[in-house]
Amino acid sequence: MRVELIVAVDENNGIGKNNDLLWHLPDDLKFFKQQTTGHIVIMGRKNYESIPEKYRPLPNRENVVLTRNASYRAEGCKVFHSLEECLDFYKNEEDRIVFITGGGEIYKQSIEQDLVDQMYITTVHATYDADTFFPEIDASTWKSEIVLEHPEDEKHEAAFTVRKYTRTTSK
C-alpha cells in the first residue's frame, strides 16, 4: 500500500477557515483531480461535508470518510472511525494509491504517525486569515522537487507552486 498526501497551504501553512478553502485556484483543483482520480481519497467528516453536495462523493475515486460518529453514513463512501482502521482495511491495496486529503486533524495524524510515503504540497504565494493549519514537516526526511509553477492571472487570485516531497528515510 502506498500512502500519499495532497494539500494546498498558504505561506503560513494555512489550509482553511470555517471549514472552507481560502482561495479559488482552478488549475490547482485540476492538479488535485489528476493526481487522485482512480485512487482512494481519505478525508475527515468535516472536510467531506465542506465539499459542495453536487461534487460529492468525488467522482472516479473511492471516497473514504473518517469520523468518530459510529452511526455516520455518507452515500457512495466507505466510513471508518480511525485512520488506523482505514489504513488496515487498505493494507493489501497494490493497484491504487491511498491519498490523505484533509482536513487539518487527518493531516496532523498522518504526519505525526509517519504514515506518508509521498506528498504533493501546493504553496499559494499569499497569506490568508486561516483557522486550520498544515503541520510542520521535518524537511531533512524528504526530497523535494517542483512539479508545477503557476502565475497569478485572471482566473487565479494568487501564484502557486506545487512541490512533490518523496521520503528519503524509511518509515
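Below is a summary of the structure that appears in this document. (Residues numbered from 1 in each chain as written. Predicted model: local features only at pLDDT ≥ 70, side-chain atom pairs only at ≥ 80, totals over all residues. Heavy atoms only, no water.)

Structural notes on the overall build of the protein chain
Then, in step 1: Scanning the protein chain for helices and strands turns up four helices and ten strands.
Then, in step 2: N-terminal to C-terminal, the α/β element order of the protein chain is β-β-α-β-α-β-β-α-β-α-β-β-β-β.
Then, in step 3: The C-alpha atoms of the protein chain give 15 Å as radius of gyration, which agrees with the globular expectation for 171 residues (16 Å, within 12%).
Then, in step 4: Taking the principal axes of the C-alpha coordinates as reference, the protein chain spans close to 40 × 40 × 30 Å.
Then, in step 5: Counting every position in the protein chain, which comprises 171 residues, the buried fraction comes to 46%.
Then, in step 6: When contacts within the protein chain are restricted to residue pairs at least 6 apart in sequence, long-range pairs at least 24 apart make up 64% of them.
Then, in step 7: A total accessible area of about 9,400 Å² is found for the protein chain, and carbon and sulfur atoms account for 46% of it. (Helix = DSSP H or I, 4+ residues; strand = E, 2+ residues; numbered from the N terminus. Rg over C-alpha atoms; globule rule 2.2 N^0.38 Å. Buried < 20%, exposed > 50% of the residue type's maximum accessible area, 1.4 Å probe, protein only. Contact = heavy atoms within 4.5 Å. Areas by Shrake-Rupley, 256 points an atom, 1.4 Å probe, with all protein chains shown as cover.)

Observations regarding the pattern of salt bridges
Then, in step 1: Under the counting rule described, the total for this entry stands at twelve salt bridges.
Then, in step 2: The salt bridge involving Lys17 is made with Asp129; its shortest N-O contact spans 2.4 Å. With Lys17 in the loop between strand S2 (14-16) and helix H1 (26-36) and Asp129 in the loop between strand S7 (118-124) and strand S8 (132-133), the pair connects residues that are 112 residues apart, well separated along the chain.
Then, in step 3: What makes Lys17 partly exposed here is its relative accessible area of 29%.
Then, in step 4: Classification of Asp129 by relative accessible area gives exposed; the value is 53%. (Salt bridge = Lys/Arg side-chain N within 4 Å of Asp/Glu carboxyl O.)

Looking at the environment of Ile97
Then, in step 1: Secondary-structure assignment places Ile97 in strand S6 (residues 97-100).
Then, in step 2: The class of Ile97 is buried, set by a relative accessible area of 17%.
Then, in step 3: Contacts of Ile97, omitting those with residues within four sequence positions, involve Arg2, Glu4, His39 and Ile40.

Examining helix H4 (residues 104-112)
Then, in step 1: Turning to H4, its buried residues number three or more, namely Gly104, Ile106, Tyr107, Gln109, Ser110 and Ile111.
Then, in step 2: Looking one or two places after H4, you find Asp114, whose phi comes out positive at around 60°.

Topic: the sheet that holds strand S4 (residues 62-66)
Then, in step 1: Strand order in the open sheet formed by eight strands is S5-S4-S3-S6-S1-S7-S10-S9, with mixed pairing between adjacent strands. The strands lining the two open edges of the sheet, one partner per strand, are strand S5 (77-80) and strand S9 (142-150). Ignoring strand direction, the axes of neighbouring strands in this sheet form an average angle of 20°.
Then, in step 2: Alignment of strand S1 (residues 2-9) against S6, held across four bridges, turns out to be parallel. What sits directly across from Leu5, in S6, is Ile100.
Then, in step 3: Strand contacts of H4: S1, strand S3 (40-44), S4, S6 and S7, with the helix running at about 130° to S1, the strand carrying the most contacts. (Pairing = 2+ DSSP bridges. Axes fitted to C-alpha atoms, helices over the stretch in contact; angles between N-to-C directions.)

Points about the environment of Glu11
Then, in step 1: In this structure, Glu11 sits in the loop between S1 and S2.
Then, in step 2: Taking the C-alpha atoms as reference points, Glu11 and Ile51, separated by 40 residues in sequence, lie 23 Å from one another.
Then, in step 3: If we skip the residues at most four places from it in the chain, Glu11 touches Thr123, Val124, His125, Ala126 and Thr127.

As for the nonpolar core
Then, in step 1: Of all hydrophobic cores here, the largest spans 25 residues; its most connected members are Leu5, Ile42, Met119 and Phe134.
Then, in step 2: Listed by contribution, the elements that provide at least two residues to this core are S1, S3, S4, helix H3 (83-89), S6, H4 and S7.
Then, in step 3: Ranked by residues supplied to this core, first place goes to S1 with four residues.
Then, in step 4: Discounting residues that sit within four places of it in the chain, Met119 has contacts with Leu5, Ile111, Phe134, Ile137, Trp142, Arg163, Lys164 and Tyr165.
Then, in step 5: Within the second largest apolar cluster, 24 residues are counted, among which are Trp23, Val41, Met43 and Ile51. (Core = buried A, V, L, I, M, F, W, Y, C linked by side-chain atoms within 4.5 Å.)

Read these as spatial facts, not as claims about activity.
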